Amino acid sequence: MAHPNLKNSSVIERITGRAIPLPENDVDTDRIIPARYLKFITFEGLGAYAFYDERFDEQGKPKPHPFNDPTYLGATILLAGANFGCGSSREHAPQALYRAGIRAILAPSFAEIFAGNSTAIGMPTVMVSPLHLETLITLVTQNPSTDIRIDLKYKTLSTSSGWTCPVDMNEGYRKAFLEGSWDTTAVLLANLDSIHKKAAALPSLW
Amino acid sequence: MTLLEKVWELHKVATLPNGQDQLFIALHLVHEVTSPQAFQMIEERGLPVLFPERTFATSDHIVPTDSKARPFSDPLAEEMMAALERNVKKHGIKAFFPGSGYQGIVHVIGPELGLTRPGITIACGDSHTSSHGAFGALGFGVGTTQIRDILATGTMALSKPKVRRIEVTGILPKGVYAKDIIMTIIARLGVNGGLGYAYEYAESAIQALGMEERLTICNMSIEGGARVGYVEPDEKTIQYLRGRPFAPKNIDEVAPYWLSFRSDPNTSYDDVVKIEGNTLEPMVSWGINPGQAIPVSGRIPSPKDLPPTERDTAEKAYSHMKVTPGEPIEGKKIDVAFIGSCTNGRMIDLREAARIVKGRKKAPHVRAYVVPGSEQVDAQARKEGLDIIFRDAGFEWRSAGCSMCLAMNPDRLQGEEICASSSNRNFIGRQGSPKGRTLLMSPAMVAAAALAGEVVDIRKWEI
């Protein structure tokens, strides 16, 4: 039962595009977006601040960083290390990456809150083995124009050069993308009666 | 069943088509930084806040700690504060703002007000919501889009985590605190060791802790990768909640229900880890994530001592922290000392730090700050004269907020300053300067470092 004010989100079965490598483990959300750029009441414009302190020095001059490298301009798939997005729950981190053009992240593992936040905005967090990630990074570094195709339905990845590997994903998130239900408000509100029953059955707070 | 499974089943509304569970959120805590976009989203969709009576707000991240006079000197902070004020008024949400006597860091005020309690689900747009597990609740840190869902539906979509029981046995030696237990756990299991798990903290060394210390442990679960951490409720839990502003008046009638939230004696766990409490030492972080921490008697590890997957991060840490493998952490000079945060900004933390500081002076080159976790903590500490003890020692006594833990207000490190900090994260840039450096430790160790001007081993002090 659809809520009159809500429409379902789009189905996301595959993500294609060029990749940008950032192969470091335990990249935290303070690095993805420093706290001083959280002081906005909208998410608009956050793309400019992705990895800000790693991309710019104190005078605002660019430093060497994949996100400053014209080679990777227009890339849509981020190749990241294990436990990507650990630390603060700030959704500003995936929002900043999305607004910087990223549409999917590939990494051996993700911090849970980050993965949930990314899913909620329609940016799949896709797991790949460390070994395959290494190969992929080599491929992309040697030939940045390599196109990558991630197929969520079949859990596979293939490159324009013909290399393939399996990928994995939290099954609930994967289904949400395939069903187009990753924007969860409508899905949750479909159970409005059960929600009210549950609320009535539980102790009130005060 | 584990406590997690019991609370989960109690709050489960439905299984969603994608296989995740829809979980009812009994208490939703809201603050100024992660909520404005969520309110905007529900308004754009024409949806009301479904359970305003289960939603509570405060301001903590951006509030200045020197003067709370409005408008705040930072126009962006003022805009965020004003947005929250508008949103709570519009949606009929109870809020505790500066001057109310109840304002403070959201994870300090939840328990203080008696809103946090055993057997409930709690969500907040802040990763340290895991703190509330100290009461046998399940606290979930969430992002802004999930805040939207909770505002609009009172529920959220979640996958049930596995449970790892962490048994801390024995008795903690003198000078070793709750902070050292959790820092040891993170150092041993890694910052990603808890991915997919909830942490159940148990056994004698945990049971011996008071509620404020259990909050410190559960608070940093997320630093170990575990979104949720909890301790089974006991008599201390009941005693803590007795008489709190929002706690039930008939607490003795409610107590058996609350105490029923325990893991069954013969239940099976996905993993069990044992830690010998007697062997623990004061911990100090040396690197750029909370897992890069060593006992104060230890030396900074060499890459060859570390698993291959940790070497790159270690190299980055040596370079950022300007430390050398093999160097002892004891004796490391500090520039700033910070006592506060949702990890260690409560009465027990301030009392213990004050006990060390009393009658002494901070090192002349050190800037030292005490930031109480809430207005209630501030008031109680002043009543006990703790503010005077710290001021006499040359510390600045500030008013409640998150302050230098994440430096969204004017309290921040400058340049390459090194800060001995009772907070929870030593990430690059965390304390407001991209080149700033953080050494995490217990509040007692921070107090001692402020006096000595360098990292010291609190166990060697006559206190």
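Peer 1: Could you clarify how one ought to interpret the domain arrangement of chain B in this entry?
Peer 2: Many structure descriptions define interface size as the accessible area lost when the parts assemble. All names here are of chain B. Split by domain assignment, chain B resolves into domain 1 (3-158), domain 2 (162-243 + 255-279) and domain 3 (283-460). The distance between the C-alpha centroids of domain 1 and domain 2 comes to 24 Å. Facing 30 residues of domain 1, the contacting portion of domain 2 comprises 28 residues. Between domain 1 and domain 2 the total buried area reaches about 2,200 Å² when both faces are included, carbon and sulfur atoms providing 64% of it. For the pair domain 1 and domain 2, the number of links is one salt bridge. The residue K6 makes a salt bridge to D264 at a minimum N-O spacing of 2.8 Å. The interface formed by domain 1 and domain 2 holds 10 residue pairs in polar contact (both at pLDDT 80 or more) in total. Every element with two or more residues in the side of domain 1 that touches domain 2 is listed here: α1 (3-11), α4 (106-112), β7 (138-141) and β8 (155-158). The element best represented in the side of domain 1 that touches domain 2 is α1, accounting for five residues.

Peer 1: Would you explain the packing of aromatic side chains in this entry?
Peer 2: The relation between two aromatic rings is expressed through the spacing of the ring centres and the mutual angle of the planes. A complete count under the given rule lists 22 aromatic pairs over all chains for this structure. Pairing F40(A) with Y49(A) gives two aromatic rings, centres 6.0 Å apart and planes at 15 degrees, and the pair type is stacked. What makes F40(A) partly exposed here is its relative accessible area of 26%. Considering the side-chain rings of W286(B) and Y318(B), the 5.6 Å spacing of their centres and the 20 degrees angle between planes classify their relative orientation as stacked. Of the two residues, W286(B) is situated in the loop between β13 (283-285) and β14 (293-295) and Y318(B) in helix α11 (residues 308-321); the sequence distance between them amounts to 32 residues. For the pair W286(B) and Y318(B), a shared accessibility class is recorded, and that class is buried. An aromatic cluster is defined as three or more aromatic residues linked by ring pairs; in this entry it consists of Y37(A), F40(A), Y49(A), Y52(A) and F56(A). It is R103(A) that lies over the ring of Y98(A); its NZ or CZ is 3.7 Å from the centre. Across the ring face of Y197(B), the terminal group of R164(B) is positioned such that the distance to the ring centre comes to 4.1 Å.

Peer 1: Would you mind going over the interface of chain A and chain B with me for this structure?
Peer 2: Taken residue by residue, the interface counts 61 residues in chain A and 80 residues in chain B. Of all residues in chain A, K39(A), I41(A) and L205(A) bury the most surface against chain B, accounting for 15% of the area lost on that side. Joining chain A to chain B, the criterion identifies six salt bridges. Put simply, D30(A) and R430(B) hold a salt bridge, and the shortest N to O gap is 2.9 Å. Those elements that place two or more of their residues in the side of chain A that touches chain B are α1 (29-32), α4 (112-120), α6 (171-179), α7 (185-189) and α8 (192-201) of chain A.

Peer 1: Help me understand the side chain of H107(B), please; the structure alone is not making it clear to me.
Peer 2: Residue and element names in this part refer to chain B. By the secondary structure assignment, H107 is in helix α4. There is a polar contact of 3.0 Å between the side chain of H107 and the side chain of D126. Among residues more than four places away in sequence, those in contact with H107 are C124, D126, H128, T129, S131, H132, C342 and R346.

Peer 1: Looking at this structure, how should I read the pairing of strand β10 (residues 197-202) of chain B?
Peer 2: All names here are of chain B. Where burial is concerned, most of β10 is hidden: six out of the six residues are buried. By the alternation rule, side chains of β10 split into Y197, Y199 and Y201 and A198, E200 and A202, which are all buried. As paired elements, strand β9 (residues 162-169) and β10 share six bridges and run parallel to each other. Its bridge partner lying in β10, I166 is registered against Y201. Each parallel crossover has a hand, and for β9 linked through helix α6 (residues 178-189) to β10 it is right-handed. By the bridge criterion, four bridges tie β10 to strand β11 (residues 228-231) in an arrangement that is parallel. The partner of A198 across the bridge, within β11, is V228.

Peer 1: Mind showing me how you'd approach the packing of helix α13 (residues 347-357) of chain B against helix α14 (residues 375-383) of chain B here?
Peer 2: The description of two helices packed together rests on the angle between their axes and the distance between the axes. All names here are of chain B. Where α13 meets α14, the closest approach of the two axes is 10 Å, and the angle between their N-to-C directions is 35 degrees. The handedness of the crossing between α13 and α14 is right-handed. Together, M347, L350 and R351 of α13 and V377, Q380 and A381 of α14 make up the contact between the two elements. Taken together, the residues that form the contact of α13 with α14 break down as four nonpolar, one polar and one charged.

Peer 1: Explain the sheet that holds strand β4 (residues 125-127) of chain A to me, please; I cannot follow it from the model alone.
Peer 2: Backbone hydrogen bonds hold the strands of a sheet together, and the pairing may be parallel or antiparallel. Residue and element names in this part refer to chain A. Spatial strand order, β4-β3-β2-β1-β5-β6-β7: seven strands in an open sheet with mixed pairing. Only two strands of the sheet have a single partner each, and these edge strands are β4 and β7 (164-166). Taking the axes of each pair of neighbouring strands and ignoring which way they run, one obtains an average angle of 30 degrees across the sheet. Pairing between strand β5 (residues 147-151) and strand β6 (residues 156-159): four bridges, direction antiparallel. Residue R149 lies in a different strand from β6, and its bridge partner there is S158. Lying over the sheet, helix α5 (residues 130-142) contacts β1 (14-22), β2 (77-80), β3 (104-107), β5, β6 and β7, oriented at roughly 125 degrees with respect to β2.

Peer 1: Sorry if this is basic, but what is going on with α6(B) here?
Peer 2: Owing to its 3.6 residues per turn, the α-helix brings residues three or four apart onto one side. All names here are of chain B. For α6, with 12 residues, the first-to-last C-alpha span of 17 Å sits near the 16 Å given by 1.5 Å per residue. Listed in full, the buried residues belonging to α6 are A178, K179, D180, I181, I182, M183, T184, I185 and I186. Phi for G190, located one or two positions after α6, is positive at around 90 degrees.

Each value, and the rule that gives it
Residue numbering note: each chain is counted from 1, following its sequence as written. Key to labels: chains lettered from A, ligands numbered from 1, both in the order written. Where local features are concerned, this predicted model is filtered to residues with pLDDT of at least 70; where side-chain atom pairs are given and counted, the filter is 80 or more; whole-chain, interface and lining totals use all residues. Hydrogens are left out, water is left out, and the side-chain values use all remaining heavy atoms of the structure. Throughout, the edges of the domains are those of an automatic or database domain assignment. The contact definition used throughout considers only heavy atoms, calling two residues in contact when any of these lie within 4.5 Å. When two parts are put together, the accessible area they lose, computed with a 1.4 Å probe and summed over both, is reported as buried area. A carboxyl oxygen of Asp or Glu within 4 Å of a side-chain nitrogen of Lys or Arg is what we treat as a salt bridge. Any pair of nitrogen or oxygen atoms within 3.5 Å is treated as a polar contact; in protein, a donor-acceptor pairing is required on top of that, and neighbouring residues in sequence qualify only through side-chain atoms on both sides. Strands are runs of DSSP state E lasting at least two residues, helices are runs of H or I lasting at least four, and both sets are numbered from the N terminus onward. By convention, a stacked pair of Phe, Tyr or Trp rings (six-membered ring in the case of Trp) has centres within 6.5 Å and planes under 30 degrees apart, an edge-to-face pair has planes over 60 apart, and any other such pair is tilted. Relative accessibility thresholds used throughout: buried, under 20% of the residue-type maximum; exposed, over 50%; partly exposed, between the two (1.4 Å probe, protein chains only). Charges are assigned to positions over rings by a cutoff of 6 Å between ring centre and Lys NZ or Arg CZ, combined with an angular limit of 35 degrees from the ring normal. For two strands to be treated as a pair, DSSP must find at least two bridges joining them. By the criterion used throughout, a crossover qualifies as right-handed when its path from the first strand across the helix to the second strand runs clockwise, the strands pointing away from the viewer. Every axis in this analysis is a line fitted to C-alpha atoms, fitted for helices over the stretch in contact. Angles between the N-to-C directions lie between 0 and 180 degrees. Left-handed describes a crossing whose near helix is turned anticlockwise from the far helix through less than a right angle; right-handed describes the clockwise counterpart. Here the term charged refers only to Asp, Glu, Lys and Arg, the term nonpolar to Ala, Val, Leu, Ile, Met, Phe, Trp, Tyr, Cys and Pro, and the term polar to all other amino acids, Gly among them. Under the convention used throughout, the expected extent of a helix is 1.5 Å for every residue step, that is, one less than its residue count.

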